[in-house]
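Given next are the chains, with one letter for each unit.
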Amino acid sequence: MFAPWRIEYIKMEKSEGCIFCTLPEENDDEKNLILHRGKKAFVIMNNYPYNPGHVMVAPYRHVGKYEELEDEEIIEIHHLVSLMIRAIKRAMNPQGFNIGINLGRVAGAGIEDHVHIHIVPRWNGDTNFMPVLADVKVIPQALQETYKELKDEIEKIIS
């Protein structure tokens, strides 16, 4: 995926600490875009999305190597991936998904010391001329609106 709008993320001053550790501790889920909390893992929206609805699933425990995840973490992480696919389908009706884990900086990991899975909804035609000609990516919905839609769908699914 070509994402020149993410230069803002690349150039921003990185804060001390790990967002996957510090944001859940703040207990301000809406501000921090945390959509759902499990016992061992949680779902957070990407503040610099590749597409609308781009979320990440991460364990609470600070672990950088996939092979060091505990069985309970692996099971819950993948359960949350499934939950988010269902919620995103219901809220946004994508035609497909990119789901992946970037392990190591050379693999594209922006935060390489805390394992997390990206879930990126995809639509036919979501790659268009805007990024190529205008260096712009069109995200047609504000993050807070997407947050509310996905949060509502999660609640419907788990209740």
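Residues numbered from 1 in each chain as written. Predicted model: local features only at pLDDT ≥ 70, side-chain atom pairs only at ≥ 80, totals over all residues. Heavy atoms only, no water.

## A short note on the nonpolar core
(1) Moving on: One finds Leu35, Val55 and Met84 to be the most contacted residues of the largest nonpolar core, which totals 24 residues.
(2) Moving on: The set of elements that each furnish at least two residues to this core consists of β2 (41-45), β3 (55-59), α3 (71-92), β5 (117-122) and α5 (143-158).
(3) Moving on: It is α3 that contributes the most residues to this core, 8 residues altogether.
(4) Moving on: Once residues within four sequence positions are removed from consideration, Met84 is found in contact with Leu35, Val43, Val55, Ile119, Leu150 and Ile154.
(5) Moving on: In this structure, Cys18, Ile44, Ala58 and Ile111 belong to the second largest nonpolar core, which totals 10 residues. (Core = buried A, V, L, I, M, F, W, Y, C linked by side-chain atoms within 4.5 Å. Buried < 20%, exposed > 50% of the residue type's maximum accessible area, 1.4 Å probe, protein only. Helix = DSSP H or I, 4+ residues; strand = E, 2+ residues; numbered from the N terminus. Contact = heavy atoms within 4.5 Å.)

## A word on the confidence of the model for the protein chain
(1) Moving on: Here the protein chain averages 85 in pLDDT, and 79% of its residues register 70 or above.
(2) Moving on: Per-residue pLDDT stays below 50 along residues 128-134; that stretch engages in 8 contacts with residues further than four places along the chain or on separate chains. (pLDDT = per-residue confidence, 0-100.)

## Here's the deal with the pairing of β3
(1) Moving on: Within β3, 5 of the 5 residues are buried, leaving the element largely enclosed by the surrounding structure.
(2) Moving on: Judged by which residues are buried, β3 turns out to be covered on both faces: Val55, Val57 and Pro59 on one side and Met56 and Ala58 on the other are all buried.
(3) Moving on: Pairing of β2 with β3, which is carried by 5 bridges, proceeds in the antiparallel orientation. Bridged to Val43 within β3 is Val57.
(4) Moving on: Where β3 meets β5, 3 bridges bridge the pair, whose relative direction is antiparallel. Bridge pairing links Val57 to Ile117 in β5. (Pairing = 2+ DSSP bridges.)

## A short note on the environment of His114
(1) Moving on: Here His114 lies in the loop between β4 (96-100) and β5.
(2) Moving on: His114 gets classed as buried once you look at its relative accessible area, which sits at 1%.
(3) Moving on: Beyond its immediate sequence surroundings of up to four residues, His114 is in contact with Cys18, Phe20, Cys21, Ala58, Pro59, Tyr60, Arg61, His62, Val63 and Gly64.
(4) Moving on: Separated by 2.7 Å, the side chain of His114 and the backbone oxygen of Pro59 make a polar contact. (Polar contact = N/O pair within 3.5 Å; in protein donor to acceptor, adjacent residues only side chain to side chain.)

## Remarks on the side chain of Asn51
(1) Moving on: If you trace the backbone, Asn51 turns up in the loop between β2 and β3.
(2) Moving on: A residue is classified by how much of its surface remains accessible, and Asn51, at 3% relative accessible area, is buried.

## Let's talk about the packing of aromatic side chains
(1) Moving on: Tallied over the entire structure, the rule returns 2 aromatic pairs.
(2) Moving on: The interplanar angle of 55 degrees and the centroid separation of 6.5 Å between the aromatic rings of Phe20 and Phe42 together place this pair among those described as tilted. Of this pair, Phe20 sits in helix α2 (residues 19-25) while Phe42 sits in strand β2, and the two are 22 residues apart along the sequence.
(3) Moving on: Phe20 gets classed as buried once you look at its relative accessible area, which sits at 1%.
(4) Moving on: With a relative accessible area of 0%, Phe42 lands in the buried category.
(5) Moving on: One aromatic cluster is present, built from ring pairs that chain together Phe20, Phe42 and Tyr60. (Phe/Tyr/Trp six-rings, centres within 6.5 Å; stacked < 30°, edge-to-face > 60°.)

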